[in-house]
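Examining the three-dimensional arrangement
Here are the chains, one letter per residue:
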Amino acid sequence: MLIGGYAIGATQAIIYCRAEYPIAVRNAMRAIEQAEERGFLGQNILGSGFDCELTVRTGAGAFVCGEETALIASLEDRMGTPRPRPPFPAQSGVWGNPTNINNVETWANVPLVIRRGADWYASLGTEKSKGTKIFSLVGEVRNTGLVEVPMGMTLRELVFEIGGGALPGRQVKAVQSGGPSGGCIPARLFDLPVDYESLTQAGAIMGSGGLIVMDDQTCMVDVAKYFLAFLREESCGKCVPCREGIPRMLGILADITEGRGKESDLELLGKLGRMTKSASLCGLGQTAPNPLLSSLRYFRDEYEAHIRDHRCPAGVCRALIQYEIDPETCNGCGLCMEECPQGAISGERKQPHQIDQDKCIKCGLCFDACRFGAIVRA
């Protein structure tokens with residue numbers, strides 16, 4: 001940041017961090033104190049005539065503050081909501097001053113570029129997406145954690161070579177790239193190179209570098225509903241397309257997962273998603289439909305199964321599943337009866353048991369407990 005400040009003539013630098021990360025805030029403030037003690041910050045740094053102060057500001061945990069104008073508002077102790085542009089932050093930003101905003105991950109590359117040269121940095125990655133990217137690899141995969149890879153590495157290499165592939169007995173189905181407003185990419189497209197252009201064309205985004213691996217026990221309709229529910233809560237409500245579009249899409253998805261979906265819902269969801277993307281004020285609303293539109297694009301058959309057959313292929317949507325006991329397989333061991341929290345299972349020991357569908361809450365504990373495959377999920 002000091003190098004950037006020196007390059008553009010900025011005398012004030014600010015690290016903005018969410019207050020939920022107290023260890024990161026404490027460490028950053030300690031590093032600033034140490035830099036000041038050694039003369040790396042403040043007035044006439046190292047006798048260069050360059051002055052720069054670096055401070056840490058914390059903000060409330062608002063997803064929308066990832067948008068630069070909302071972040072600036074939060075820095076200025078105002079509600080973190082975006083504003084129309086122009087003026088752009090480079091013209092009028094924090095307290096009306098010209099402001100350069102970059103993610104800490106971007107700043108971390110600056111010393112490397114200076115130390116090893118621009119040609120070295122440009123040799124990493126692809127023609128249009130240079131350097132490396134840090135991903136948070138999580139979900140239904142053997143190896144999870146933070147990984148730094150060169151741009152252009154394929155999703156297949158990321159998920160199977162670094163991540164180790166699916167958990168035992170499972171199959172990787174898709175990944176969601178880009179955080180809560182990222183898109184879902186199916187396994188058949190895993191030879192896609194990870195760069196900004198390729199991910200955008202596939203209906204996803206690079207975003208914050210989140211990479212969630214999903215397996216064959218994941219319902220893509222439920223995934224879209226989950227992320228839209230999060231984004232509804234995080235929307236600031238300032239613009240109509242985002243404020244009204246996200247809850248409307250979420251309501252339709254809830255109907256589909258609860259057995260009330262209609263064929264016409266799929267076309268309506270597509271229209272609502274495209275409208276919200278094109279008309280919203282900031283990046284939150286513009287990317288919020290990504291989980292829906294991408295899952296609808298690549299996993300339309302799952303949506304149709306929910307609507308036409310009233311069936312959740314992954315067995316996730318409780319309203320569309322039913323647990324039954326196969327009397328030919330059940331040996332009456334009683335494990336399922338012990339696990340059932342509702343007392344919905346009855347039967348004599350060593351005799352086939354039964355499930356009272358009126359009491360069953362479809363939690364699936366009996367299904368997981370049965371060692372003999374006697375409980376069927378329909």
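Residues numbered from 1 in each chain as written. Predicted model: local features only at pLDDT ≥ 70, side-chain atom pairs only at ≥ 80, totals over all residues. Heavy atoms only, no water.

**Describing the packing of helix 9 (residues 220-234) against helix 13 (residues 290-298)**
The description of two helices packed together rests on the angle between their axes and the distance between the axes. The geometry of helix 9 relative to helix 13 is characterised by a closest axis approach of 8 Å and an angle of 170 degrees between their N-to-C directions. When the interaxial angle is binned, helix 9 and helix 13 end up roughly antiparallel. Residue-level inspection shows M220, A224, F227 and L228 of helix 9 in contact with helix 13, the latter providing P291, L292 and S295. Taken together, the residues of the contact of helix 9 with helix 13 break down into six nonpolar, one polar and no charged. (Axes fitted to C-alpha atoms, helices over the stretch in contact; angles between N-to-C directions. Helix = DSSP H or I, 4+ residues; strand = E, 2+ residues; numbered from the N terminus. Parallel < 35°, antiparallel > 145°, perpendicular 65-115°, else oblique. Contact = heavy atoms within 4.5 Å. Nonpolar A, V, L, I, M, F, W, Y, C, P; charged D, E, K, R; others polar.)

**With respect to the pattern of salt bridges**
Enumeration according to the criterion identifies 22 salt bridges in this entry. Among the ionic pairs, R57 bridges to D77, the shortest N-O distance being 3.2 Å. Pair noted here: R57 is in strand 2 (residues 53-59) and D77 is in the loop between helix 3 (68-75) and helix 4 (104-107), with a separation of 20 residues, a long-range link. Residue classification places D77 among the exposed residues on the basis of a relative accessible area of 64%. Ionic pairing is found between D255 and R260, a salt bridge with its closest N-O pair at 2.8 Å. We classify R260 as partly exposed; its relative accessible area is 46%. Sharing partners across several salt bridges, the network here consists of R30, E33, E37 and R38. (Salt bridge = Lys/Arg side-chain N within 4 Å of Asp/Glu carboxyl O. Buried < 20%, exposed > 50% of the residue type's maximum accessible area, 1.4 Å probe, protein only.)

**What to know about the nonpolar core**
What tends to happen in soluble globular proteins is that the nonpolar side chains get buried as a cluster. In terms of nonpolar packing, the biggest core is built from 42 residues, with I246, L253, I256, L269 and Y303 touching the most fellow members. Looking at this core, the elements with two or more residues in it are helix 9, helix 10 (240-257), helix 11 (264-279), helix 13, helix 14 (300-308) and strand 8 (323-325). The element that contributes the greatest number of residues to this core is helix 10, accounting for seven residues. Apart from residues lying up to four places away in sequence, L269 is in contact with M249, I252, L253, I256, L292, L293, L296 and Y303. If you look at the next biggest cluster of nonpolar residues, it comprises 31 residues, including L155, L158, V194 and V223. (Core = buried A, V, L, I, M, F, W, Y, C linked by side-chain atoms within 4.5 Å.)

**A closer look at the packing of aromatic side chains**
Tallied over the full model, the rule gives six aromatic pairs. Ring geometry for F160 versus F190: centroids 6.3 Å apart, planes at 55 degrees, classification tilted. Placement of F160 in helix 7 (residues 155-162) and of F190 in the loop between strand 6 (183-186) and helix 8 (196-201) is noted, with a sequence separation of 30 residues between them. On the basis of an interplanar angle of 50 degrees and a centroid distance of 6.0 Å, the ring pair of Y323 and F367 is categorised as tilted. Taken together, the positions of Y323 in strand 8 and F367 in helix 16 (residues 365-369) put the pair 44 residues apart, joining distant regions of the chain. Looking at F367, the relative accessible area reads 30%, which means it is partly exposed. (Phe/Tyr/Trp six-rings, centres within 6.5 Å; stacked < 30°, edge-to-face > 60°.)

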